[in-house]
Amino acid sequence: MDLEGLKDKWQRIAVKTDALEDDNRRLAQELASGRIRTAQRSLVDFYIKAGIIGLCVVALSPMIVTVLEFPIWVAVVYGVFGLIMAILNFCFSRRIARTSYISLPVVEALSLAVVLRKKQKQLRAIGISFGLVVLLSLAVPAFDVSNDAVYIGFLSGLAIGIPLAIVKNRRATRLARKLQEELGRVGDSD
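Residues numbered from 1 in each chain as written. Predicted model: local features only at pLDDT ≥ 70, side-chain atom pairs only at ≥ 80, totals over all residues. Heavy atoms only, no water.

1. What about the overall build of the protein chain?
Part 1: For the protein chain, the helix and strand inventory stands at four helices and zero strands.
Part 2: Order of helices (α) and strands (β) in the protein chain, N terminus to C terminus: α-α-α-α.
Part 3: A burial count over the protein chain gives 28% of its 190 residues as buried.
Part 4: Of the contacts made within the protein chain by residues no fewer than 6 positions apart, 78% connect residues no fewer than 24 positions apart. (Helix = DSSP H or I, 4+ residues; strand = E, 2+ residues; numbered from the N terminus. Buried < 20%, exposed > 50% of the residue type's maximum accessible area, 1.4 Å probe, protein only. Contact = heavy atoms within 4.5 Å.)

Right under this line is the structure:
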């Protein structure tokens, strides 16, 4: 083989390598975008489900009066809590869905993800605060009624509800952290 033939082959290999690197970068970017969209969608879905549960709380509030024979004000507190949490969760899910993290510069997208996690903590604090008010409003009449089934139901609800809330809280936090990590990976690859 002559020297010109070797040079020709070398240049073709160099061109193929450049094309492969470009394709590799493009595919890595598409993969990262897909992971960001998946993390964002999971977070949106989580808060939509939480909003639906809030609406279920509203729908169940009349049963506090009809079945448990508690005062109407307890059902109102319970229903208002469900309505407020449903609205807050739906609004939060909409805010997450409307943010186009992929089209933003990485630094701006990361700062929005940090803000999202702060808002998530604020939403949690609001939920816990209102939840404690609801628990107290349910506890007062529950212990005034001389029915053991109401006591057992109240304590069972606490025993099941608190661990369930902790698990759900951890899941929401993990989903938001995953979105932030995926955005960070995009920033690291640039």
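From this point, things continue past the structure.
2. Considering the environment of Arg117
Part 1: Relative to the helices and strands, Arg117 is located in helix α3 (residues 106–144).
Part 2: Separated by 60 residues in sequence, Arg117 and Arg177 place their C-alpha atoms 7.7 Å apart.
Part 3: Setting aside anything within four residues of it in sequence, one finds Arg117 in contact with Thr173, Ala176, Arg177 and Gln180.

3. Details of the confidence of the model for the protein chain
Caution is warranted with low-pLDDT regions, since their predicted coordinates should not be read in detail.
Part 1: Residue-level pLDDT values for the protein chain average 86, and 84% of them are 70 or greater.
Part 2: Model confidence for the protein chain, summarised as mean pLDDT per element, is weakest for helix α1 (residues 3–66) at 80 and strongest for helix α2 (residues 72–98) at 96. (pLDDT = per-residue confidence, 0-100.)

4. Focus: a positive patch on the surface
Part 1: On the surface, Lys49, Lys168, Arg171, Arg174 and Arg177 cluster together into a patch of positive charge.
Part 2: Ranked by residue count, the leading element in the positive patch is helix α4 (residues 148–189), at four residues.
Part 3: With respect to the helices and strands, Lys49 occurs in helix α1.
Part 4: Lys49 gets classed as exposed once you look at its relative accessible area, which sits at 53%. (Patch = residues over 30% accessible without salt bridge, like charges linked within 9 Å, V, L, I, M, F, W, Y side chains within 5 Å. Areas by Shrake-Rupley, 256 points an atom, 1.4 Å probe, with all protein chains shown as cover. Salt bridge = Lys/Arg side-chain N within 4 Å of Asp/Glu carboxyl O. Lys, Arg positive; Asp, Glu negative; His and termini not counted. Charge placed at Lys NZ, Arg CZ, Asp CG, Glu CD.)

5. Quick look at the nonpolar core
Part 1: In terms of nonpolar packing, the biggest core is built from 20 residues, with Leu43, Tyr47, Ile96, Tyr101, Leu116, Leu179 and Leu183 touching the most fellow members.
Part 2: When residues of this core are traced back to their parent elements, those giving at least two are α1, α2, α3 and α4.
Part 3: Discounting residues that sit within four places of it in the chain, Tyr101 has contacts with Ile36, Gln40, Ile96, Ala109, Leu112, Ala113, Leu116, Leu179 and Leu183.
Part 4: Among the nonpolar cores identified, the runner-up in size contains 12 residues, and Val57, Val74, Ala142 and Val150 belong to it. (Core = buried A, V, L, I, M, F, W, Y, C linked by side-chain atoms within 4.5 Å.)

6. Observations concerning the environment of Asp45
Part 1: For Asp45, the location among the structural elements is in helix α1.
Part 2: By relative accessible area, which is 30% here, Asp45 ends up partly exposed.
Part 3: The sequence separation of Asp45 and Ala97 amounts to 52 residues, and the corresponding C-alpha distance is 9.4 Å.

7. Considerations on α2
Part 1: Compared with an ideal rise of 1.5 Å per residue, which puts 27 residues at 39 Å, α2 spans 39 Å between its outermost C-alpha atoms and is within 8% of the ideal.
Part 2: Turning to α2, its buried residues number three or more, namely Val74, Ala75, Tyr78, Gly79, Gly82, Met85, Ala86, Asn89, Phe92, Ser93 and Ile96. (Expected span 1.5 Å × (residues − 1).)

8. Overview of the packing of α2 against α3
The relative placement of two packed helices is expressed as an angle between their axes plus a distance between the axes.
Part 1: For the pair α2 and α3, interaxial distance at closest approach is 9 Å and the crossing angle is 170°. The pairing of α2 with α3 is recorded here as roughly antiparallel in orientation.
Part 2: Of the residues assigned to the contact of α2 with α3, the class counts are 19 nonpolar, five polar and two charged. (Axes fitted to C-alpha atoms, helices over the stretch in contact; angles between N-to-C directions. Parallel < 35°, antiparallel > 145°, perpendicular 65-115°, else oblique. Nonpolar A, V, L, I, M, F, W, Y, C, P; charged D, E, K, R; others polar.)

9. Considering unusual backbone geometry
Part 1: If you check the backbone angles, Glu69 has positive phi at about 60° while not being a glycine.
Part 2: Note on placement: Glu69 falls in the loop between α1 and α2.

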